[in-house]
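# Descriptive structure summary
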Amino acid sequence: MLLLSAILLKMVYKRFVEIGRVAFVRFGQDEGKLCAVVDIVDQNRALVDGPNIRRQAVSFKFLHLTGVVINIGHGCGTTAVKKAWEKEGVEEKWRQSTWYKKLQMKATRRQLSDFDRFKLMKVKQRRSWLIKMEMGRLKKAQKK
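Since the model is a prediction, treat every value here as computed from it, not as a measurement.

This next bit is on the pattern of salt bridges. This structure, assessed with the given rule, holds eight salt bridges. Across the salt bridge formed by arginine 45 and aspartate 42, the nearest N and O atoms sit 3.4 Å from each other. A salt bridge links aspartate 49 to arginine 55; its shortest N-O distance comes to 3.1 Å. The class of aspartate 49 is buried, set by a relative accessible area of 1%. Classification of arginine 55 by relative accessible area gives partly exposed; the value is 32%.

Moving on: helix H2 (residues 78–88). Every buried residue of H2 is accounted for by Val81, Ala84 and Trp85. In a view along the axis of H2, the buried residues occupy a sector of 105 degrees, so they form one face of it. Exposed and oriented more than 90 degrees from the buried face of H2 are Thr79, Lys83, Glu86 and Lys87. Looking at the buried residues of H2, the elements they touch are strand S1 (21–25), strand S2 (34–40), strand S3 (45–50) and helix H3 (90–96). The first or second residue beyond H2 is glycine 89, which carries a positive phi of 65 degrees.

Turning next to the domain arrangement of the protein. Domains assigned within the protein are domain 1 (21–111) and domain 2 (113–143). Taking only C-alpha atoms into account, the centre of domain 1 sits 40 Å from that of domain 2.

Cut-offs used in this document
Residues numbered from 1 in each chain as written. Predicted model: local features only at pLDDT ≥ 70, side-chain atom pairs only at ≥ 80, totals over all residues. Heavy atoms only, no water. Salt bridge = Lys/Arg side-chain N within 4 Å of Asp/Glu carboxyl O. Buried < 20%, exposed > 50% of the residue type's maximum accessible area, 1.4 Å probe, protein only. Helix = DSSP H or I, 4+ residues; strand = E, 2+ residues; numbered from the N terminus. Arc of directions from axis to C-beta. Contact = heavy atoms within 4.5 Å. Domains from an automatic or database assignment.

Below, the structure written as structure tokens:
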């Protein structure tokens, strides 16, 4: 019974809105920038600040929470946020994340010309053909 209740009570969410939580702004004039939650205004907005964004209240609908949390106090100033930001190495952690890499890959793909997309298609076809040939060889060797 204890094991069953432990399974049922397992937390689904791991990222919560909290003071110091680093978030990615998905919409608005600061789209694509990182910020840190400094204070919670109400159930719909948070006061955010960071090195690349001015201190402002942003809707939770605009924010996507990252896994990074910096150690700052409730309602601390911009200089304290910047110091904690650099101390925790938020930019380096962000650049190493798969989320950042996917965003960069999407941006690179958006910049491709028609001929670049054609070359990419041909490379994918070649890779698929090589995989298919190797799988055929492995199946043939397995039958023997």
